[in-house]
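If you want the building blocks of each chain, they are given just below.
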Amino acid sequence: LVITGCMKREKKERDFVPSYTIQGNVTGFSEGTKFYLYSLETNANVDSALVEDNKFQMKGHIANPPVSFWLKATDGEDYVYTPLLIGNDRLTVSAAKQDFAWNVNTSGSTIDTNYRKLMNLTKDLDIKRDSLIFGYHAKADTVKEKTFEEFMQTVGEIDSLIKRTTIKYIKETK
């Protein structure tokens, strides 16, 4: 007589894999607009989701959190993005299309909350930098060639101010 049986394996703590969830609540986007989670470390899209009834959701795992991302989408002629700094936690993103990039509301992630506090300190500089970059790329190639050095110097000065503000913020919030 042979007796065999199956025991349901109990899920152990070591089997737990932390994950992130991004819940999007957005308005002004066409149904079916695809949002991408773009890693600034790997320069690649790592997740995506479609807007359905003004909502989207992404779930996944970040191997070495926190990681800097852009949450981005193209809706017709409109390209939008917002920076995120997240780990394996839950994040809610709420925004109208016109709120991107710098007026997006997020909640639920301590990492992103602290990042947003820093972003508020550098927001005006970030907006100025974005404006310069988009304006530069809209110019004719001949104009770009003539203004490249000045453009790079101006962007470099803004980047330096952002970096100094960031370092000061980190030192003050240890």
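Residues numbered from 1 in each chain as written. Predicted model: local features only at pLDDT ≥ 70, side-chain atom pairs only at ≥ 80, totals over all residues. Heavy atoms only, no water.

A word on the pattern of salt bridges
If you walk through the whole model with that rule in mind, you get six salt bridges. Among the ionic pairs, Asp75 bridges to Lys97, the shortest N-O distance being 2.9 Å. Taken together, the positions of Asp75 in strand β5 (residues 67-75) and Lys97 in the loop between β7 (90-96) and β8 (105-107) put the pair 22 residues apart, joining distant regions of the chain. Comparing Asp75 with Lys97 shows no difference in burial state: the two are buried. When the shortest N-O distance is used, the salt bridge between Asp141 and Lys144 registers 3.6 Å. Of this pair, Asp141 and Lys144 both sit in helix α2 (residues 141-172), separated by three residues, roughly a single helical turn. Since its relative accessible area comes to 56%, Asp141 is described here as exposed. Overlapping salt bridges, with partners in common, bring together Asp75, Asp78 and Lys97 in one network. (Salt bridge = Lys/Arg side-chain N within 4 Å of Asp/Glu carboxyl O. Helix = DSSP H or I, 4+ residues; strand = E, 2+ residues; numbered from the N terminus. Buried < 20%, exposed > 50% of the residue type's maximum accessible area, 1.4 Å probe, protein only.)

What to know about the packing of helix α1 (residues 110-138) against α2
To characterise two packed helices, one gives the angle between the axes of the helices and the distance between these axes. Following both chains from N to C, one finds α1 and α2 inclined at 180°, their axes separated by 10 Å at the closest point. Taken together, the axes of α1 and α2 are roughly antiparallel relative to one another. Of the residues contributing to the contact of α1 with α2, the split by class is 13 nonpolar, seven polar and six charged. (Axes fitted to C-alpha atoms, helices over the stretch in contact; angles between N-to-C directions. Parallel < 35°, antiparallel > 145°, perpendicular 65-115°, else oblique. Nonpolar A, V, L, I, M, F, W, Y, C, P; charged D, E, K, R; others polar.)

Remarks on the sheet that holds β8
With respect to topology, four strands assemble into an open sheet ordered β4-β1-β7-β8, the strand pairing being mixed. Edge positions in the sheet fall to β4 (55-60) and β8, since each of these pairs with one other strand and no more. Looking at each pair of strands side by side, their axes are set apart by 15° on average, direction ignored. Alignment of strand β1 (residues 20-27) against β4, held across six bridges, turns out to be antiparallel. (Pairing = 2+ DSSP bridges.)

Remarks on the packing of aromatic side chains
Here the structure, examined in full by the defined rule, presents ten aromatic pairs. Here the aromatic rings of Trp70 and Tyr81 are separated by 4.4 Å at their centres, their planes lie at 35°, and the arrangement is tilted. Of the two residues, Trp70 sits in strand β5 while Tyr81 sits in strand β6 (residues 78-86), which places them eleven residues apart along the sequence. In this structure Trp70 comes out as partly exposed when scored by relative accessible area, which is 28%. Aromatic ring contacts, followed pair by pair, group Tyr38, Trp70, Tyr79, Tyr81 and Trp102 into a single cluster. Over the aromatic face of Tyr38 sits the side chain of Lys72, whose NZ or CZ is 4.3 Å from the ring centroid. (Phe/Tyr/Trp six-rings, centres within 6.5 Å; stacked < 30°, edge-to-face > 60°. Lys NZ or Arg CZ within 6 Å of the ring centre and 35° of its normal.)

Quick word on α1
Residues spaced three or four apart along an α-helix point in a common direction, a consequence of the helix completing one turn every 3.6 residues. Taking the largest bend as the criterion, α1 deviates by roughly 65°, centred on Thr122. Every buried residue of α1 is accounted for by Asp112, Arg116, Leu118, Met119, Thr122, Asp126, Asp130 and Tyr136. Structurally, α1 contributes buried residues whose contacts are with β6, β7, β8 and α2. (Bend = angle between axes of the 7 residues up to and from the residue. Contact = heavy atoms within 4.5 Å.)

Considering the layout of surface pockets
By volume, the largest pocket amounts to about 520 Å³. In terms of lining, the largest pocket is formed by 20 residues, of which the most central are Trp102, Tyr115, Asp126, Arg129 and Ile162. Contributing elements (two or more residues each) for the lining of the largest pocket: β5, β6, α1 and α2. Counting residues per element, the lining of the largest pocket draws most heavily on α1, at nine residues. When grouped by side-chain class, the residues that make up the lining of the largest pocket number twelve nonpolar, three polar and five charged. (1 Å grid on protein atoms, 1.4 Å probe; cavity = no way out; pocket = protein on both sides within 12 Å on 5 of 7 lines; lining within 4 Å. Points joined across faces, edges and corners; volume = space filled by probe spheres on them.)

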